[in-house]
Amino acid sequence: MLGEGIIKGMAETARNFLGSYVSDERLTTVQYPEERLPQLENARQFPFLVYDGDDWQKGLRCVSCQICEKECPPKCIYIVKSKDKKPDYKGQPQFYPAVFDIDLSVCMSCGICAEVCPFESIKMDTNYEWSRTDRFGSLLVHKEQLAKPNTHYHEIHPTDAAASDAVLAAEIAKAQAKAKAAAEAKAKAAAAQSTAVPAAA
Ligand code: SF4
Ligand code: SF4
């Protein structure tokens, strides 16, 4: 029936409005900002940059590959790659973002940056309280404001954060196995060379 959905919606609104006078269950709103509704695990508001350990500058996972910058639909991520490198979570030297800004006034909370990042570096935060008094400068959120520990990720999205940890742990184990195999091959080659020299002499 045409308009059935609208009628059902209006009936539900009326039930909640009248019922809220007699039952707390029908009270669907809260007295914000004194009260806040708990955030759902899959809620997403604005991105943040994950870091491991206690030092955000050392532990930032981002390697400045700029994939998120390219894929962001409204182009609100601005990255400047570093000139030097620092060890990443696998201990391998990597570039890092000298500048990583996101324009809060442009971001549409789509989460595409988090989906395309191959390094588990950028995730969606659940914080929605981003009002500012300065409509220009403070709407550009810098990396020191975007950086949040992995423990924060676990707090807001425990399921995703556990999956993310598993991905990184598998990559670290793979890198360690590769380094071990390379070291063993090198030692074997050195041993073969040292036994071959007296024979040739
Ligand atoms: S959430 Fe979407 S719009 Fe916002 S920075 Fe990420 S990709 Fe861009
Ligand atoms: S957040 Fe991820 S996709 Fe974006 S630059 Fe850093 S490593 Fe690359």
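Counting starts from 1 at the beginning of each chain's written sequence and moves along it residue by residue. Chains and ligands are labelled by the order in which they are written, letters from A for the one and numbers from 1 for the other. In keeping with the predicted nature of the model, local features appear solely for residues at pLDDT of at least 70, side-chain atom pairs appear and are counted solely at 80 or more, and the whole-chain, interface and lining totals rest on all residues.

Visitor: An account of the sheet that holds strand β5 (residues 97–103) is needed here, citing residue identities and associated values.
Guide: Read from one edge to the other, the open sheet built from three strands follows the order β2-β5-β7, with strand pairing classed as antiparallel. One side of each edge strand has no neighbouring strand; the edge strands of this open sheet are β2 (77–81) and β7 (140–141). A pair of strands is treated as paired once DSSP finds two or more bridges between them. Helix and strand assignments come from DSSP, with helices taken as H or I runs of at least 4 residues and strands as E runs of at least 2, each series counted from the N terminus. Judged from the two bridges that link them, β5 and β7 form a sheet pairing that is antiparallel. Counterpart to Asp103 in the pairing with β7 is Leu140.

Visitor: Could you give me a rundown of the nonpolar core, with the residues and numbers involved?
Guide: Leu49, Leu60, Cys62, Cys68, Cys113, Ile122 and Leu146 are the most contacted members of the largest nonpolar core, which totals 22 residues. For this core, the secondary structure elements donating two or more residues are β1 (46–51), β5 and α6 (150–156). A total of four residues in this core trace back to one element, the largest contributor, which is β1. The contact criterion used here is simple: two residues whose C-beta atoms, placed from the backbone, lie within 7 Å are in contact. In contact with Leu49, other than residues within four places in its own chain, are Leu60, Cys62, Phe100, Ser121, Ile122, Lys143, Leu146, Ala147 and Lys148. Throughout this description, the term nonpolar core refers to a group of buried Ala, Val, Leu, Ile, Met, Phe, Trp, Tyr and Cys residues whose C-beta atoms join them within 7 Å. Counting other C-beta atoms within 10 Å of a residue's C-beta gives its exposure: the residue is buried at 20 or more, exposed at 12 or fewer, and partly exposed in between, where C-beta atoms are placed from the backbone.

Visitor: Any chance you could break down the site of ligand 2 for me, citing the residues and the numbers?
Guide: By definition, a residue lies near a molecule or strand provided its backbone-derived C-beta atom is within 6 Å of it. Close contacts around ligand 2 come from Cys62, Val63, Ser64, Cys65, Gln66, Ile67, Cys68, Ile79, Cys117, Phe119, Ser121 and Ile122, and that covers them all. Class assignment for the residues of the shell around ligand 2 results in nine nonpolar, three polar and no charged. Three classes are used, and their members are as follows: Ala, Val, Leu, Ile, Met, Phe, Trp, Tyr, Cys and Pro are nonpolar, Asp, Glu, Lys and Arg are charged, and the others, Gly among them, are polar.

Visitor: Please set out the domain arrangement of the protein chain residue by residue, giving values where relevant.
Guide: As assigned here, the protein chain comprises domain 1 (1–37) and domain 2 (39–176). Computed from C-alpha coordinates alone, the two centres of domain 1 and domain 2 are separated by 37 Å. In this document the domain limits rely on a domain assignment from an automatic tool or a database.

Visitor: So, the sheet that holds β1: which residues are in play, and what are the values?
Guide: Spatially, β6-β1-β8 is the arrangement adopted by the three strands of the open sheet, whose pairing is mixed. Looking at the sheet topology across the chains shown, the edges are occupied by β6 (122–125) and β8 (147–149). Ignoring strand direction, the axes of neighbouring strands in this sheet form an average angle of 55°. Pairing of β1 with β6, which is carried by four bridges, proceeds in the antiparallel orientation. Among the inter-strand pairings, Pro47 is bridged to a residue of β6, identified as Met124. Axes, fitted as lines to C-alpha atoms, cover a helix only where it is in contact. Angles between the N-to-C directions of the axes lie from 0 to 180 degrees.

Visitor: How would you summarise the environment of Leu139 if you had to cite specific residues and measurements?
Guide: Mapped onto the elements of the fold, Leu139 is located in the loop between β6 and β7. The exposure class of Leu139 is partly exposed, given the 15 C-beta atoms found within 10 Å. The sequence separation of Leu139 and Asp101 amounts to 38 residues, and the corresponding C-alpha distance is 9.8 Å. Ignoring any residue separated from it by four or fewer positions in sequence, one finds Leu139 in contact with Asp103, Leu104, Ser105 and Arg132.

Visitor: Please provide a residue-by-residue account of the pairing of β1, values included.
Guide: Regular strands show a simple pattern: their side chains alternate between the two faces of the sheet. Counting buried residues in β1 gives five out of six residues, a clear majority hidden from the surface. Two elements, β1 and β8, share three bridges in a ladder whose sense is parallel. Considered in β8, the bridge of Val50 is made with Lys148.

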